[in-house]
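# Fold and contact review
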Amino acid sequence: MSNVHSIPINTLRKVIGQYIVIRLKDNVKYKGKLQSFDQYMNCHLNDAIEIIDGEEVSKYGNIFVRGNNILLVQLSADDL
Amino acid sequence: MSNVHSIPINTLRKVIGQYIVIRLKDNVKYKGKLQSFDQYMNCHLNDAIEIIDGEEVSKYGNIFVRGNNILLVQLSADDL
Amino acid sequence: MSNVHSIPINTLRKVIGQYIVIRLKDNVKYKGKLQSFDQYMNCHLNDAIEIIDGEEVSKYGNIFVRGNNILLVQLSADDL
Amino acid sequence: MSNVHSIPINTLRKVIGQYIVIRLKDNVKYKGKLQSFDQYMNCHLNDAIEIIDGEEVSKYGNIFVRGNNILLVQLSADDL
Amino acid sequence: MSNVHSIPINTLRKVIGQYIVIRLKDNVKYKGKLQSFDQYMNCHLNDAIEIIDGEEVSKYGNIFVRGNNILLVQLSADDL
Amino acid sequence: MSNVHSIPINTLRKVIGQYIVIRLKDNVKYKGKLQSFDQYMNCHLNDAIEIIDGEEVSKYGNIFVRGNNILLVQLSADDL
Amino acid sequence: MSNVHSIPINTLRKVIGQYIVIRLKDNVKYKGKLQSFDQYMNCHLNDAIEIIDGEEVSKYGNIFVRGNNILLVQLSADDL
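The notes below deal with the structure included here. (Residues numbered from 1 in each chain as written. Chains lettered and ligands numbered in written order. Predicted model: local features only at pLDDT ≥ 70, side-chain atom pairs only at ≥ 80, totals over all residues. Heavy atoms only, no water.)

### Focus: the relation of the copies chain C and chain A
By a simple turn and slide, chain C fits onto chain A: the slide is 0.0 Å along the axis, the RMSD is 0.0 Å, and the turn is 51 degrees. Here only 10% of the interface residues in chain C have copies in chain A that are interface residues too; the copies meet through unlike faces. (Least-squares fit on C-alpha atoms with pLDDT ≥ 70 in both. Contact = heavy atoms within 4.5 Å.)

This is the structure in structure tokens:
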């Protein structure tokens, strides 16, 4: 991986402070403002909501999502 | 990960001594006072309760939750 | 692995900027333009769509797919 | 992890020789005297019993429980 | 592992350019010409077909199969 | 782990040559004489039997059990 | 692991060229002549057959079985 700027995790760095949507393996989603993350994709979100089958079911001031449960992350910004 | 203060696990450090809620993959929750944790997210809670489907079902003086079973951690503090 | 150019991940490097299809274990597919990837096969796609049972069900400006969920990657180019 | 005394596994060290309860992922429990453990949470218990649905079903002089199956560990001591 | 030539992955090296059949855990098979592989058994096949229940269901110019999903690999050559 | 003699795997060393019972995740058991093991808990047993639902179903001169499938190991000796 | 000759994988070395039976987690078996293996228990067998519910269902000149799917290995030799 010669070019360190081209790896996916570096793109996450650009959206710190923005809202992202984390989808877990069992189709639950968490939308919140990305505060921090690490190389395992553990994410700290604040102002977060939990979405199941398209419905907002819970609200959280601050949550940690453990990276190994994550299926994908949607970024709201279109130009990255 | 140039800025060591921006990783999620460091935020956990700020809530040691506070009550957190750990959600496991099978939707069981443990609420307790965070005593310590490590890089695997293994957590030691005291004054803990187990919550299944919103009901408190058990009480524990001290428990260890193995990190690899953790789905997410809710922090009660809103400003972190 | 004496010849570093012969490993599969190097072929992915050749298709950066091209559309690929990522198939997950549960038969969901994501088609998008490969922006970056890393050694875990974490992939950043943009202009992406989600395909379930052959139907396009969602559209994403930018997504990250966590590598450990990936079953296979189809490359649109035939000569690699 | 600057303070080595604050990690969960060190708390286990304090209860060597005491009875603990190990809960596995499939809700089986083992209660026994903790003889030793390692960093994977592999535990050696003696004078152990197996508990399924609250019933004691088996008795073991000495057992090893492989750490990766462990969901949580309950400590009988309240002040740790 | 004193004799480096006796490990299974070295045998794969001998069949580069030949057709192999990769069987996944869920009994899907991919037959294609082995282009490259790595130590995780990630494989790059070209001129590949997907076989489910003995039927050819898809055709791919180039695919990557992630190694951790592989159950076994059948080699067409009999003398290796 | 300051005291190397206190880890669980060292206790296994004391029962080499003795009969142990290995329980797998799916409740199958193997009873045999422990010949050797390694740090993954891979075990080589000889004069082994397979026990399903309390019934002896098979007999093996020599078997290897892969450590990652092991739930627990029962030691027949009571004083360790 | 002071005595390198006492680990299970070394016993496999003694049966290279002999027929072994590999049992997978889903109860499928492969019987074949062990050609080589590595530390992950990846095995290369030749003159192999696949056995499901006690019936021979397939025949393979050469197969690789990925180690992480292996439950146990039966050795035909009784004195090891």
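Back to the write-up after that little detour.
### Thoughts on the pairing of strand 2 (residues 29-37) of chain F
Residue and element names in this part refer to chain F. Note: strand 1 (residues 19-24) against strand 2, five bridges, orientation antiparallel. Residue pairing in the sheet places Ile20 in a bridge with Gly32 of strand 2. When strand 2 meets strand 3 (residues 43-52), the two strands line up antiparallel, connected through seven bridges. Within strand 3, the residue paired with Ser36 across the bridge is His44. In textbook terms, the turn of a hairpin is the stretch between consecutive antiparallel strands, and for strand 2 and strand 3 this stretch comprises five residues, one of which, Met41, has a positive phi near 75 degrees. (Pairing = 2+ DSSP bridges. Helix = DSSP H or I, 4+ residues; strand = E, 2+ residues; numbered from the N terminus.)

### Here we look at the pairing of strand 1 (residues 19-24) of chain D
Within a regular strand, the side chains alternate between the two sheet faces. Residue and element names in this part refer to chain D. Burial runs high along strand 1: five of the six residues are buried. Two successive antiparallel strands, strand 1 and strand 2 (residues 29-37), enclose a turn made up of four residues, where Asn27 displays a positive phi of approximately 70 degrees. Pairing of strand 1 with strand 5 (residues 70-75) involves five bridges; the strand directions are antiparallel. Within the sheet, the bridge partner assigned to Arg23 lies in strand 5 and is Leu72. (Buried < 20%, exposed > 50% of the residue type's maximum accessible area, 1.4 Å probe, protein only.)

### With respect to the packing of aromatic side chains
All names here are of chain A. Scanning the entire structure with this criterion turns up seven aromatic pairs over all chains. Note on Tyr30 and Tyr60: the rings are 6.5 Å apart at their centroids and 45 degrees apart in plane angle, and the pair reads as tilted. Residue Tyr30 is found in strand 2 (residues 29-37), and its partner Tyr60 is found in strand 4 (residues 55-65); the two are separated by 30 residues along the sequence. For Tyr30, a relative accessible area of 1% translates into the label buried. (Phe/Tyr/Trp six-rings, centres within 6.5 Å; stacked < 30°, edge-to-face > 60°.)

### Considerations on the interface of chain B and chain A
Listed per partner, the contact involves 24 residues of chain B and 21 residues of chain A. Here chain B meets chain A over a buried area of about 1,900 Å², counting both sides, of which 55% is carbon and sulfur. Counting across the chain B and chain A interface gives one salt bridge. A salt bridge links Arg23 of chain B to Glu50 of chain A, with the shortest nitrogen-to-oxygen separation between them at 3.1 Å. Only helix 1 (8-14) and strand 5 (70-75) of chain B provide two or more residues apiece to the side of chain B that touches chain A. Looking at the side of chain B that touches chain A, the element that brings in the most residues is strand 5 of chain B, giving six residues. When grouped by side-chain class, the residues that make up the side of chain B that touches chain A number 14 nonpolar, six polar and four charged. As paired elements, strand 4 of chain A and strand 5 of chain B share four bridges and run antiparallel to each other. In the sheet register, Ile63 of chain A faces strand 5 of chain B, and the bridge partner there is Gln74 of chain B. (Buried area = accessible area lost by both parts, 1.4 Å probe. Salt bridge = Lys/Arg side-chain N within 4 Å of Asp/Glu carboxyl O. Nonpolar A, V, L, I, M, F, W, Y, C, P; charged D, E, K, R; others polar.)

### Observations concerning unusual backbone geometry
Positive phi is not limited to glycine here, since Asp47 of chain C has a value of about 50 degrees. Assignment of secondary structure puts Asp47 of chain C in strand 3 (residues 43-52). Within the chain, Asn27 of chain G stands out as a residue other than glycine whose phi angle is a positive 75 degrees. By secondary structure assignment, the location of Asn27 of chain G is in the loop between strand 1 (19-24) and strand 2 (29-37).

### Considerations on a positive patch on the surface
Together, Lys25 of chain A, Lys25 of chain B, Lys25 of chain C, Lys25 of chain D, Lys25 of chain E, Lys25 of chain F together with Lys25 of chain G line one region of the surface with positive charge. Relative to the elements of secondary structure, Lys25 of chain F occurs in the loop between strand 1 and strand 2. Look at Lys25 of chain F and you get partly exposed, because its relative accessible area is 45%. (Patch = residues over 30% accessible without salt bridge, like charges linked within 9 Å, V, L, I, M, F, W, Y side chains within 5 Å. Areas by Shrake-Rupley, 256 points an atom, 1.4 Å probe, with all protein chains shown as cover. Lys, Arg positive; Asp, Glu negative; His and termini not counted. Charge placed at Lys NZ, Arg CZ, Asp CG, Glu CD.)

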